[in-house]
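# Observations on the three-dimensional arrangement
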Amino acid sequence: MNELLEILEDLHPEVDFKSATDLVDGGILDSFDIVSLISEINETFDVTIGAAELTPENFNSAEAIYALIKEKLDDED
Amino acid sequence: MKKFIAIILSLVIALTGIFLASKLLEPKYMSGILEGAMIQEYYDDPTDHNVVFIGDCELYENISPVYLWENYGINSYIRGSAQQLIWQSYYLAEETVKMEHPDVIVFNVLSMKYNEPQNEAYNRMTLDGMKWSSSKVNSINASMTDEENFIEYVFPILRYHSRWSDLSADDFKYMFHRDKVSFNGYYMRVDVKAAEDVPEGRPLADYQFGDNSYYYLDKLTKLCKDNDVKLVLVKAPTLYPYWYDEWDQQIKDYASANGLDYINFLELQDELGLDWSQDTYDGGLHLNLAGAEKLSDYVGNMLTTEYGIPDRRDESALNEYWDKVIERYNAEIDRQTTNLKLYGTVHGPEEQ
Amino acid sequence: MLFTSYGFIGFLLAVFVLYYLIPKKMQWPFLLIASYIFYFIADPRYLIFIAITTVTTFYGAKVISDKKVAFDGWFKEHKKEYEKEERKALKAKEHSVEKKIFLACLLFNLGILAVTKYTNFTIANINSLLAAFGRADGISFVDLIIPMGISFYTFQSMGYLIDVYNGKHEAQDNLFKFALFVSFFPQLVQGPISRYHDLSQTLYAEHSFNWKTVSFGLERILWGFFKKLVIADRILVAVQAIIADTDTYNGFYAFAGAMFYALELYADFTGGIDITIGVAETMGIKVTENFIRPYFSKNIKEYWNRWHITMGTWFTDYIFYPISASQFMMKLSKKSRARLGNNLGKRVPVYLSSFIVWFTTGIWHGASWNFIVWGLGNFVVIMISQELEPFYRWFHSKVHVQGTFGWRLFQVVRTVLIMSSLRMFDCYRDVPLTFKMFGSIFSQSSLSQLNAEAFIGMGLTGFDYLVVFIGMLILVTVSLIQRSGCVREKIYGLAAPVRFIIWYGLFMATLVFGAYGIGYSASQFIYNQF
């Protein structure tokens, strides 16, 4: 989780990602950010997130993103 | 209940608003182009005419019903409009025989040359003035050009809304009434512009009148027969537009085949005594007052002797009506003559 | 059928009345029939195209969806019998079959779109290439029909297919219901590009007559007509005059033309969408919004989130994300980071994907280089603004203007100016002429160039400009009010007489001041051919 928060804060230092729950719907993360994000995640966690999973629900909060990563990691096993 | 009243009230206000806007925006034809106001004048006058002339400018600028009344006691009316097409003439005739029973209908045959709808503006001048009836509906349907829609005749505001930017005092003044512009359908001009050098008509590829034209001429013939009205075909004596011999022959053939009278006044110019240096105001297209009275004299004589149209000058009601028309007629002669002297044109400065 | 034709209004009236008269069960089949009649009136030949796309997409999606369901059911039961590796292989095998069907269907339908829209453009380009090598004998053009709205319904259908393939939702199993989704007539001409899971929620439902919904729909339609007829079609005359005579109208007038076009396009396009959404609303159907006051955006990226939204999200979801999340891009990302360093390297995939998206967006708008250059222009502007972000951050840390009215205004004006400049590609005949005219704004504008007669010479009177100006004021006012909520709701809360005056006033203004009928050549919706 902390690694993820670091990645996020790198993208937008001014946002408090711990509490925000409308990252996509609130317009904080745009499509560019999301794409940078998944490539960072790919780098850090070695999981591939497909285009179909790039939905607002999956990216609205740090927790949701983390859940997505965890699901992927579990799936790999 | 309260809601119901509110809805009714809103509807009434809304429709009134549209009605007033329509009235304001529709063209009034009270100065400049007077022709647009002529068709609707017919409905205001007494209707038991013995003779009704139906057709284009070759009738309404060339024959004076006032002259016919004053000199022959003939009670007549011209249902004329600019570039009146033959189906428009037919439907005007149809409407006329529904409203009255004339002895004679005189139709000018120049419009036989138009087989298709021509011009939106002229359509409007003929059709807008008609009262709603099946004749009007059919006339509209027969006349519409591609750019027109029937609904624009039902709601004139759809057609005339863009006049908002050139509204004038006339548009407010004549919202609900019109002044008379014609004298039983006659459009008067007293000025003179001689006809010189009349060229031959350019040869045409095809002289045959169109099927559509014949279709309506047939209908007109039948209408008159069925209603026991004598139909007389005429060609006015004016020089333009050119009247081809080939056309003349077709009308002659048609008349003899259908037992109609056809008088081509172009051939009777000497009998009429027309002087093209004096009797036209636009170089031979239309007659002026002097020319129109010459033609009217001939026509009046003909109607009396050959068609037995009665002299009704002894009818007091008619006399009363005609006195008013004559009064306006003379006033208009005075007005135009004065303007001509002062300004060199029959139009006063207020009309410019 | 133009939205602003008597025929369309008559058609609407008939559909509306019948919709509420027939049994509610018949409502959606009736809409399907109405939509096909609507399309048939436009051109009977179009029906073949839309029917082919409908049927292929329907069955393609259905086979995929059925296979998915069957496999998932089977897999759940038999999962335990297999080892992990075997499971993976099974899944991959299943997936590859689905993928084949999916790709076949996708490429077939995009192929129809490509052939009808881009064949002649391709031929023209081949010919100019040949000419460059001295070959004058080019390939002759082919006479193809471009079905009305093909870009819109193809995209809408493909969006559905992709969503089914990705397992977002199951396939619709009634062919006719699906046919209605593809052909729903209010949005057939110019969008919006609806999503199935969105539109299907109200499209097939039974709707009983609800006075408020119906009147809101009618109000929306009226507002659309006002924008289109009073503002767009009137100023269009001046836009066309400016574009047509570039010798007279350059310099400042080219700028004026770009501004007029910004107004014209906005009023025309949003007006058309208002009519679409309003028509659907009168029948209780909710079509997604396509614009959120785009000219109030603070930058171009935001603008594209607020202008033609359904197209933007379509490109993002179905082109930008799949490309940028692809294996290839992930590998490229790793490589470029290794070569160019973390900071620069991570941008390569994003910008590459973005480039492809904007190229496609450009060509989707029209088969011409103008649109391609326009699309790439957008790409360049977005890239620059992305790169300038650190600069702005630094700027704001030094100068405290952020959040002030002046700064907001600067941002809005900047957005409008940039978008209007780019849109000049949409106006002028070819790319070089566009650059020339854009250049003339800076090289040839002068105060002496300005005179009132030149504006009258564009075919509009002073009164016309006044009407456009007042119309624009109304537009801006409504937009400002809209920021705090639905304007129709606000008006609904007013006293009845006030409500009446507002809506009746708008109606009469449209009726009288609308540029329609004889004397004004009715213009096609600008977005119609896309």
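Remember, it's a predicted structure, so these values are computed and weren't measured experimentally.

## Considering the overall build of chain A
- A count of helices and strands for chain A gives four helices and zero strands.
- Mapped in sequence order, the helices and strands of chain A form the string α-α-α-α.
- Seen through its principal axes, chain A has C-alpha atoms that stretch 35 × 25 × 20 Å.
- Partitioning the intrachain contacts of chain A with sequence separation of at least 6 by distance along the chain shows that 59% fall at a separation of at least 24.

## Looking at the pairing of strand β4 (residues 230-235) of chain B
All names here are of chain B.
- Burial of β4 is extensive: five of the six residues sit out of reach of the surface.
- Here strand β3 (residues 104-108) pairs with β4 via five bridges, running parallel. For Asn108, the partnering residue across the bridge sits in β4 and is Val234.
- Here four bridges tie β4 to strand β5 (residues 261-264), and the two strands are oriented parallel to one another. From the neighbouring strand, Val232 faces β5, where its bridge partner is Asp261.

## Some thoughts on the UniProt feature "transmembrane region" (unreviewed entry) in chain C
All names here are of chain C.
- In this structure's numbering, the residues bearing the UniProt feature "transmembrane region" (unreviewed entry) are residues 6-22, 101-119, 139-162, 304-323, 344-361, 455-481 and 501-522.
- The span residues 6-22 shows a helical share of 94% and a strand share of 0%, and its end C-alpha atoms are spaced 24 Å apart.
- Between the first and last C-alpha atoms of residues 101-119 the distance is 26 Å; the span itself is 100% helix and 0% strand.

## Description of the interface of chain C and chain A
- Contact residues are listed per partner, giving 16 residues for chain C and 14 residues for chain A.
- Contributions of two or more residues to the side of chain C that touches chain A are made by α11 (309-324), α12 (327-340) and α14 (347-365) of chain C.
- The element that contributes the greatest number of residues to the side of chain C that touches chain A is α11(C), accounting for five residues.

## Some points on unusual backbone geometry
- Residue Tyr240(B) is joined to Pro241(B) through a cis peptide bond whose omega torsion reads -15°.
- With respect to the helices and strands, Pro241(B) occurs in the loop between β4 and α12 (245-258).
- The linkage connecting Gly191(C) with the following residue, Pro192(C), adopts the cis geometry, with an omega of 0°.
- Summarising the element assignment, Pro192(C) is placed in the loop between α6 (175-183) and α7 (196-203).
- Within the chain, Tyr29(B) stands out as a residue other than glycine whose phi angle is a positive 55°.
- Non-glycine residue Asp228(B) carries a positive phi angle of around 60°.
- Residue position: Asp228(B) is located in the loop between α11 (211-226) and β4.
- We classify Asp228(B) as exposed; it has 9 C-beta atoms within 10 Å.

## Brief notes about the interface of chain C and chain B
- Taken together, the 15 residues of chain C in the interface contact 17 residues of chain B.
- Top contributing element to the side of chain C that touches chain B by residue count: helix α22 (residues 496-513) of chain C, with seven residues.

Each value, and the rule that gives it
- Residues numbered from 1 in each chain as written.
- Chains lettered and ligands numbered in written order.
- Predicted model: local features only at pLDDT ≥ 70, side-chain atom pairs only at ≥ 80, totals over all residues.
- Helix = DSSP H or I, 4+ residues; strand = E, 2+ residues; numbered from the N terminus.
- Contact = placed C-beta atoms within 7 Å.
- Buried ≥ 20, exposed ≤ 12 C-beta atoms within 10 Å, placed from the backbone.
- Pairing = 2+ DSSP bridges.
- UniProt positions renumbered as here; feature names shortened; annotations may be inferred.

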